[in-house]
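# Survey of secondary and tertiary structure
Each chain, letter by letter, is given below.
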2 protein chains.
Amino acid sequence: MKRVKLVVAYDGTNYCGWQVQPNGITIEGVLNRELSKLLKEDIVVIGASRTDSGVHSYGNVAVFDTNARMPAEKISYALNQRLPDDIVVQNSSEIPLDWHPRHCNSRKTYEYRILNREFPMPQRRLDTWFVYRKLNIPAMCEAAEQFEGTHDFKSFCSVNTAVEDTTRTIYSCELKQDGELLTIRITGSGFLYNMVRIIAGTLFDVGIGKIAPEDIPVILEKKDRKAAGPTAPAHGLTMIGIEYEIPPESLMEVQVERT
Amino acid sequence: MKRVKLVVAYDGTNYCGWQVQPNGITIEGVLNRELSKLLKEDIVVIGASRTDSGVHSYGNVAVFDTNARMPAEKISYALNQRLPDDIVVQNSSEIPLDWHPRHCNSRKTYEYRILNREFPMPQRRLDTWFVYRKLNIPAMCEAAEQFEGTHDFKSFCSVNTAVEDTTRTIYSCELKQDGELLTIRITGSGFLYNMVRIIAGTLFDVGIGKIAPEDIPVILEKKDRKAAGPTAPAHGLTMIGIEYEIPPESLMEVQVERT
C-alpha cells in the first residue's frame, strides 16, 4: 500500500465543484472514477480545497491510497490519458501513509480576477468576473492590504457554515492591475467558506465607492456577514496552489534514507 | 440607408469559422441572424478576416448596410444583448456607404500562442497549442524576424488556394516568451490562406531543431509549400485587430463637416 499525492489543475466551468454529490459531475468524482479504472481497485481521493461549482484550479492537492504497483510518478501520465481535457494532473508523487492534505500547516494561494472594461471579452468569460463600472483601483489596493494579518473573519464567511474558529491568518492580499485585468492575489493559512469571494465582493464595493478602505477593519470587528460586501461570482476564482510547511515528499526522502 | 462597422471579438471554439456554410454554425451566420432580428430587415455582414474553424478574435471587422433608425453606436449594446456569450461586439460606428473592409490598406495583427510545458493547462486548452517538447526559443526568435519585409509567401500558403499574387508585406514578426507561454505576434498588409499557421508550424520546426533560422530565406525562395513546416493547429491562432491606413470613421467626420 502507498499514498499518492496529486496536483490537479482544472477548468471548473463544467463541474458541480470538487466534492462528490448525488446530482452532477464533480472533479473528485471524475478522479475517483478514472483512478479506479486505471488502477483496477476502488480509489477514493481526499482533496485539500473543496472548491465550489465554477471555481478553477491550477494546483489543488488530492491524495489517495493504492496497492497498485505503478510508480507514483507515472500515475500522472497514465491518468491524464483518461481524464477529460478540462482536468489535468500536473504532478504525482509518493508521500507518507499518514499524511493528510488538510491536517498540515500550509499556505494556500487563490486569485480572484475582475475584467474591468466596457464590453465583455469572450476569451475571459469563464475565468474572470466582468465588471463594466469604473473602479477606484488605488482605493481597492489600499483596502486589500487591510486583510493581511491574523483576524477573525466571521464577517467574511458564508452564514451557512458551522465552523467554530473563524480566525485565519492572511500572509498577503494584494490587488494587481494589468490593463483591464484586476487580480486579487491572496495567500493564507486557510480560508472560510466563500471567504475569498466575499473579500472580492467587498473590494468591488470599495471600487464603486460604497465602502471606504478604512472601513475594512470596522467590518472585521463587527463579526457579521451583513457588514461585508456581496459574494463575488464563483467563476472569477482560481485556486493557484498549496505550499506545505513541510513538503510531504521531503518526509518520504527521510523515510527512504532511514531504511 | 447607412453602413455600419462592427469590431467583433469571439471565442471560435464552438464555431465552424467565420464564413457562412451549409453545415454548422458560423460567426457570420450568427451575426446575420441576430442583426436581422434586431433591425427587422435582412442583414448580410461582410467580414474583413474570414477566420477558420477554431480560430479566435479580439477585433475582427465586419460591415453591413441598414435602413434602421437606431444610431450606429447603439447597435453594439443592443446586439450584445442577443448574441451568445462567446461573441461580443466591441464597437459599432457609422462609416461611408462605399467603404469595404477588405478593399482598403490595413495592418492586420495576429497572435499564435504555444504553451510549452510538461502537462497541458486546462485553462489554456482552447487558445494555445500545447507543446511538451523542449523548444530552442532564441532560434525561434531569430527565425521569426526573417519573415519581416516584402516576400513571396507561396511556400507559406495552403496549396488549395487559387490566389494569383502571393507577395505580402510583413511589418513585424516576433516571438515573445512569458514563462511557459510563447506568443508569435505578426503584423502584415495581408495574409494568405493558413499563412500564420504555417509560419507558426515552421517556427515550431525551428524550435525542435529540424529547420535552422537561416533556412527561412531559402524556404521563401523555393516558393513551394512542401519546403515549409506543418500547419499549426487552428485553436492557437487569434486575430488581434485591424488598423486601417485611413480609419473609415475619420472619413465620416469629413463627410459630416462637408454637409
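What counts as what
- Residues numbered from 1 in each chain as written.
- Chains lettered and ligands numbered in written order.
- Predicted model: local features only at pLDDT ≥ 70, side-chain atom pairs only at ≥ 80, totals over all residues.
- Heavy atoms only, no water.
- UniProt positions renumbered as here; feature names shortened; annotations may be inferred.
- Helix = DSSP H or I, 4+ residues; strand = E, 2+ residues; numbered from the N terminus.
- Buried < 20%, exposed > 50% of the residue type's maximum accessible area, 1.4 Å probe, protein only.
- Polar contact = N/O pair within 3.5 Å; in protein donor to acceptor, adjacent residues only side chain to side chain.
- Contact = heavy atoms within 4.5 Å.
- Phe/Tyr/Trp six-rings, centres within 6.5 Å; stacked < 30°, edge-to-face > 60°.
- Lys NZ or Arg CZ within 6 Å of the ring centre and 35° of its normal.
- Buried area = accessible area lost by both parts, 1.4 Å probe.
- Salt bridge = Lys/Arg side-chain N within 4 Å of Asp/Glu carboxyl O.
- Least-squares fit on C-alpha atoms with pLDDT ≥ 70 in both.
- Domains from an automatic or database assignment.
- Arc of directions from axis to C-beta.
- Expected span 1.5 Å × (residues − 1).
- Pairing = 2+ DSSP bridges.

- An unreviewed UniProt entry annotates chain A as tRNA pseudouridine synthase A of Eubacterium ramulus.
- Among the UniProt annotations of chain A, the heading Catalytic activity (unreviewed entry) holds the following wording: "uridine(38/39/40) in tRNA = pseudouridine(38/39/40) in tRNA".
- Quoted verbatim from the Subunit (unreviewed entry) field of the UniProt record, the comment on chain A reads "Homodimer."

## Some points on the side chain of Ser49(A)
Residue and element names in this part refer to chain A.
- Assignment of secondary structure puts serine 49 in the loop between β2 (46-47) and β3 (56-66).
- Relative accessible area serves as the criterion here: at 5%, serine 49 is assigned to the buried category.
- Of the polar contacts made by the side chain of serine 49, one reaches the side chain of tyrosine 110; its length is 2.6 Å.
- When near neighbours in sequence (up to four residues on either side) are disregarded, serine 49 contacts Tyr10, Trp18, Asn60, Lys108, Tyr110 and Met239.

## Describing the packing of aromatic side chains
- Summed over the entire model, instances satisfying the criterion amount to 17 aromatic pairs over all chains.
- Judged by centre distance (5.0 Å) and plane angle (50°), the ring pair of Tyr77(A) and Phe119(B) falls under tilted. You can see Tyr77(A) sitting in helix α2 (residues 72-82) and its partner Phe119(B) sitting in the loop between β5 (106-116) and β6 (129-131), one on each of two chains.
- Since its relative accessible area comes to 7%, Phe119(B) is described here as buried.
- Ring plane angle 90° and centroid distance 5.1 Å describe the contact between Phe147(A) and Phe156(A), whose orientation is recorded as edge-to-face. We note that Phe147(A), like Phe156(A), is buried.
- Over the face of the ring belonging to Tyr171(A) we find Arg107(A), whose NZ or CZ atom lies 4.1 Å from the ring centre.

## Quick word on the interface of chain B and chain A
- Taken together, the 23 residues of chain B in the interface contact 24 residues of chain A.
- Between chain B and chain A lies a buried interface of about 1,900 Å² when both sides are counted; carbon and sulfur atoms form 59% of it.
- Sorting the residues of chain B by area buried against chain A places Phe119(B), Gln123(B) and Arg125(B) first, and these three jointly supply 32% of that buried surface.
- Inspection of the chain B/chain A interface yields two salt bridges.
- Residue Arg125(B) pairs with Asp11(A) through a salt bridge whose shortest N-O separation is 3.0 Å.
- Where chain B meets chain A, there are twelve residue pairs in polar contact (both at pLDDT 80 or more).

## Things to note about the relation of the copies chain B and chain A
- Superposing chain B onto chain A takes a rotation of 180° combined with a translation of 0.0 Å along the rotation axis, leaving an RMSD of 0.0 Å. Both chain copies can therefore be described as sitting about a two-fold axis.
- Most of the interface of chain B is mirrored in chain A, where 100% of its interface residues again form contacts.

## Details of the pattern of salt bridges
Residues and elements named next belong to chain A.
- Evaluation of the coordinates by the stated rule reveals 26 salt bridges over all chains.
- Ionic pairing is found between aspartate 127 and arginine 124, a salt bridge with its closest N-O pair at 3.0 Å.
- Judged by its relative accessible area of 11%, aspartate 127 falls in the buried class.

## Points about the domain arrangement of chain A
All names here are of chain A.
- For chain A, the assigned domains are domain 1 (2-103) and domain 2 (106-241).
- Put simply, the middle of domain 1 and the middle of domain 2, counted by C-alpha atoms, are 27 Å apart.
- Across the boundary between the two partners, domain 1 contributes 14 residues, which contact 15 residues of domain 2.
- The contact between domain 1 and domain 2 buries some 1,000 Å² in all, and 55% of this surface belongs to carbon and sulfur atoms.
- Counting the contacts that link domain 1 with domain 2 gives one salt bridge.

## A word on α2(A)
Residues and elements named next belong to chain A.
- Among all positions in α2, only Ala72, Ile75, Ser76, Leu79 and Asn80 are buried. When α2 is viewed along its axis, its buried side chains cluster within an angular range of 120° and face the same direction.
- Check the buried side of α2 and you find it contacts β1 (2-10), α1 (27-39), β3 and β4 (87-95).

## Details of the UniProt feature "active site" (unreviewed entry) in chain A
Residue and element names in this part refer to chain A.
- In this structure's numbering, the residues bearing the UniProt feature "active site" (unreviewed entry) are Asp52.
- You can see aspartate 52 is positioned in the loop between β2 and β3.
- In this structure aspartate 52 touches Gly17, Tyr193, Asn194 and Arg197, once residues within four positions along its chain are discounted.
- A distance of 3.1 Å separates polar atoms of two side chains, one belonging to aspartate 52 and the other to tyrosine 193.

## Thoughts on helix α4 (residues 195-207) of chain B
Residues and elements named next belong to chain B.
- For α4, spanning 13 residues, the distance from its first C-alpha to its last is 18 Å, which sits close to the expected 18 Å at 1.5 Å a residue.
- Counting buried positions over the 13 residues of α4 gives 13, a clear majority of the element.
- Positive phi appears at glycine 209, one or two residues downstream of α4, with a value of about 85°.

## A look at the environment of Arg82(B)
All names here are of chain B.
- By secondary structure assignment, the location of arginine 82 is in helix α2 (residues 72-82).
- In sequence terms arginine 82 and leucine 38 are 44 residues apart; their C-alpha atoms lie 8.2 Å from each other.
- In this structure arginine 82 touches Glu34, Lys37 and Leu38, once residues within four positions along its chain are discounted.

## Thoughts on the pairing of strand β10 (residues 237-244) of chain A
All names here are of chain A.
- Most of β10 sits out of view: seven of its eight residues are buried.
- The sheet contact formed by β3 and β10 spans two bridges and is parallel. Bridge pairing links histidine 56 to threonine 238 in β10.
- Here seven bridges tie strand β5 (residues 106-116) to β10, and the two strands are oriented antiparallel to one another. Residue pairing for β10: arginine 107 is matched across the bridge by glutamate 243.

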